[in-house]
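# Notes for the structure review
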Protein chains: 4
Amino acid sequence: MPPVDKAQRRTVLLAAARDVFVTKGYHAAKIDDIVTAAAVAKGTFYLYFTDKRSVFAELVALVMQRISEGIVRVDVSADVEPQLRENVRAVVGVFLDDPPLTRLLFTFAPGLDTAFSEQLRGFYLGLRDYLAESLSEGQSLGLVRPLDPRQCASFVIGGLKEVILDLALSEEVTDRERVEQAVMDLLSGMLLVWPPPSGRD
Amino acid sequence: MPPVDKAQRRTVLLAAARDVFVTKGYHAAKIDDIVTAAAVAKGTFYLYFTDKRSVFAELVALVMQRISEGIVRVDVSADVEPQLRENVRAVVGVFLDDPPLTRLLFTFAPGLDTAFSEQLRGFYLGLRDYLAESLSEGQSLGLVRPLDPRQCASFVIGGLKEVILDLALSEEVTDRERVEQAVMDLLSGMLLVWPPPSGRD
Amino acid sequence: MPPVDKAQRRTVLLAAARDVFVTKGYHAAKIDDIVTAAAVAKGTFYLYFTDKRSVFAELVALVMQRISEGIVRVDVSADVEPQLRENVRAVVGVFLDDPPLTRLLFTFAPGLDTAFSEQLRGFYLGLRDYLAESLSEGQSLGLVRPLDPRQCASFVIGGLKEVILDLALSEEVTDRERVEQAVMDLLSGMLLVWPPPSGRD
Amino acid sequence: MPPVDKAQRRTVLLAAARDVFVTKGYHAAKIDDIVTAAAVAKGTFYLYFTDKRSVFAELVALVMQRISEGIVRVDVSADVEPQLRENVRAVVGVFLDDPPLTRLLFTFAPGLDTAFSEQLRGFYLGLRDYLAESLSEGQSLGLVRPLDPRQCASFVIGGLKEVILDLALSEEVTDRERVEQAVMDLLSGMLLVWPPPSGRD
DNA sequence: AATGAATGAGCCTTCATTCAT
DNA sequence: TATGAATGAAGGCTCATTCAT
């Protein structure tokens, strides 16, 4: 037995859990499957996680955190488009970096628990409100079409989830640049006023 | 025991199942809960359904069917806007008529089974492709913004799901008219070319 | 499958549990052992009892109840000796009627749980205080030797437990009459003043 | 790590085990609890003891040994009362010196194992027979009431256990002198003939 | 000798499904 | 057709013990 270091083993287990959860879904995933995938004895799992549920929770929290971290506040006094692109790149990147994890979040997390649903919904509502705020600012500058910001934000989030999930599920190797560009096109085409108000006015 | 009509008893069981599934989620829902809610003995359940899974499947199929039925082919030679509105009314109506069922479809269906996911995904892909086709036609007539039709369709479907789920989850009593109008605004604002090309050309 | 009636099946399970607990002790007793002894499927156990612990609790409560019921208040204004004999007969009878249950109470109950110990101790303290009271009364009438009533009561209870357990454990077929007489002799010899004060004085 | 003396570490572990066993009972006591209490690594436990069971056994054997050692043969040709008092002092002292250990012996030992029960019972039977013998002798000298010696011995042992356990469990700080005197009173009051036959007769 | 990470056998409990009445 | 008692496979979790370092 190579003297694997604790953090590393934890990571291995986490990855194994992610794979199994993604492949079989939460309930069909057995602890046995996870430890087999991690090439570890059953008891070892419980040295690193208290619960089957808690591994799942940790995985979900991980994606949520990554997404949150990727998002930067849009400064409307500067040029908006590159900032938007930056956010898109970050969010899309989170998913393309780890498609399995993406599926976990989108596909399995909602239906697990009441507690889970709440947590997840809280996350989405946070995103939505943040996005709605940005849209509002954009609207007051005449950059964004005059739609209800909250509903629009919901729509955008849902739209992004679907598009990204589509990509994550499609077998085609996904060229990161192309995806980013496509999402940018969708978003700007749908949200932004065109032609953009000239800076000179 | 009054000899209840078979179809009626089936309906009662189905409704009971829907309630329980919605309240507790698929896995936490026990056959016991369902038969208790339906005021029927445990064995009776299996006279009407082969399986726990099959009731759920039937419920999900029901929503999918209702949605499919509500959608009418858009005839681009006639005025598009009222037809779009008709479709929106139909789809939104399905959900507002039965919010619990909506939650079932959106929240619990995806994470159940591999088989289930496939079926569901098939349904969505069907919707998407149909919508993409319509968008394509619209684009060739200069009515719809020049975005990738498939991705755009995905985006719209995701967006609708999210907005509708928001509504289904929010406590506010939802005025059907207002919702329809809001969705129409979002869709036309995001998708349609503006100002609409004049009919005279 | 004979259509066994529910109460009867419960009894069978209870008896099976008693036997297994007595033979192997609480922890070594597996639910499998119990249901095997009861010739019933594993799940059936849980139709009648919520828990492994709860069967045990029920068995213990049963002995405690039987003992409590057997004890009658001693009326010191009447002749004490036959009343004492009656109590002895009742208590001893409880044990001789069901030696296995006796062993359960004495041998396994104390070491199970904190909660259990408390309950059991409560029972004994109740007995002790009741007995102490009787002894006190007896002393004020000059019938009982002048010993500390509480300690004396404890002593008597412990002594009875030990003697009865001895009997329950010994293989010898125990003649009920003889045991009763022996216990009576011990108790009266140890506790009662002799010669008894004459009633005429 | 200062190289602690082996015997000393063993003692520490034994004491830790005793405490944990007493607090939680045998089964609820985890090796982890013991080593934590002893401030030692888990593996270390197995350098000093082969087994969880064996530590417990050792503790129980310890009490049994202490008791055995405390008891001296009563010489009926000399004055009996001080010898009896000496024995009482010894036995009572063992318990008062280490109430936790007392509880271990009385509360948890009986229900552990079949093997254990046998051992324990063997010990008690030994005590009983020894005591019965003494009582017999005492009877032939007219010092002890004419009761069945074996049963009487059982009774006394049980009585002592109960009284001592009562004391061990009660919160009151127990004055050794008082306890000894109380037990002496009980025993002599219950067992000895009174008035004592005059030595002259 | 000491450590503590790893092991894996074992058991209670759940619950979808069956079937005799 | 309806019932509900019975079934038993399955799985999460525990914890005494081992052993490489």
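The rules behind these values
Residues numbered from 1 in each chain as written. Chains lettered and ligands numbered in written order. Predicted model: local features only at pLDDT ≥ 70, side-chain atom pairs only at ≥ 80, totals over all residues. Helix = DSSP H or I, 4+ residues; strand = E, 2+ residues; numbered from the N terminus. Buried ≥ 20, exposed ≤ 12 C-beta atoms within 10 Å, placed from the backbone. Contact = placed C-beta atoms within 7 Å. Nonpolar A, V, L, I, M, F, W, Y, C, P; charged D, E, K, R; others polar. Near = placed C-beta within 6 Å. Least-squares fit on C-alpha atoms with pLDDT ≥ 70 in both. Domains from an automatic or database assignment.

### So, the overall build of chain A
Looking only at helices and strands, chain A features nine helices and zero strands. From first element to last, N terminus to C terminus, chain A shows the α and β order α-α-α-α-α-α-α-α-α. By principal-axis analysis of the C-alpha atoms, chain A measures approximately 70 × 35 × 30 Å. Looking at chain A residue by residue over its 201 residues, the buried ones come to 35%. The contacts in chain A between residues at least 6 apart in sequence include a share of 61% that link residues at least 24 apart.

### Brief notes about the interface of chain B and chain A
You'll often see interface size given as the accessible area lost when the parts meet. With 30 residues of chain B at the contact, the number on the chain A side is 28 residues. When contributions to the side of chain B that touches chain A are tallied by element, the ones reaching two or more residues are α6 (99-108), α8 (149-169) and α9 (176-191) of chain B. Here the side of chain B that touches chain A gets twelve residues from one element, more than from any other, and that element is α8(B). A per-class count over the side of chain B that touches chain A returns 13 nonpolar, ten polar and seven charged.

### Observations regarding the protein's contact with DNA strand E
DNA strand E sits among 35 residues. The nearest are Ala41(A), Gly43(A), Gly43(C), Ala41(D) and Gly43(D). Every element with two or more residues in the surface near DNA strand E is listed here: α3 (42-48) of chain A, α2 (31-38) and α3 (42-48) of chain B, α2 (31-38) and α3 (42-48) of chain C together with α3 (42-48) of chain D. Across the surface near DNA strand E, the residue classes tally to 15 nonpolar, six polar and 14 charged.

### Focus: the relation of the copies chain B and chain A
Both copies of the chain are related by one operation, a rotation about an axis with a shift along it. If you rotate chain B by 179 degrees and push it 0.1 Å along the axis, it lands on chain A with an RMSD of 0.3 Å. Expressed as a symmetry operation, the mapping of one chain copy onto the other fits a two-fold axis. Comparing contact sets, 93% of the residues at the interface of chain B also lie at the interface in chain A, consistent with an isologous, same-surface contact.

### Looking at the interface of chain D and chain C
Taken residue by residue, the interface counts 30 residues in chain D and 28 residues in chain C. For the side of chain D that touches chain C, the secondary-structure elements that each account for two or more residues are α6 (99-108), α8 (149-169) and α9 (176-191) of chain D.

### Observations regarding the domain arrangement of chain A
Residue and element names in this part refer to chain A. The domains assigned to chain A are domain 1 (1-49) and domain 2 (57-191). Here domain 1 and domain 2 have C-alpha centroids that lie 29 Å from each other. Across the boundary between the two partners, domain 1 contributes eight residues, which contact eight residues of domain 2. Grouping the amino acids of the side of domain 1 that touches domain 2 by side-chain chemistry returns five nonpolar, one polar and two charged.

### Concerning unusual backbone geometry
All names here are of chain B. Of note, Ala39 is a non-glycine position whose phi angle comes to about 55 degrees, a positive value. Mapped onto the elements, Ala39 comes out in the loop between α2 and α3. Residue classification places Ala39 among the exposed residues on the basis of 10 C-beta atoms within 10 Å.

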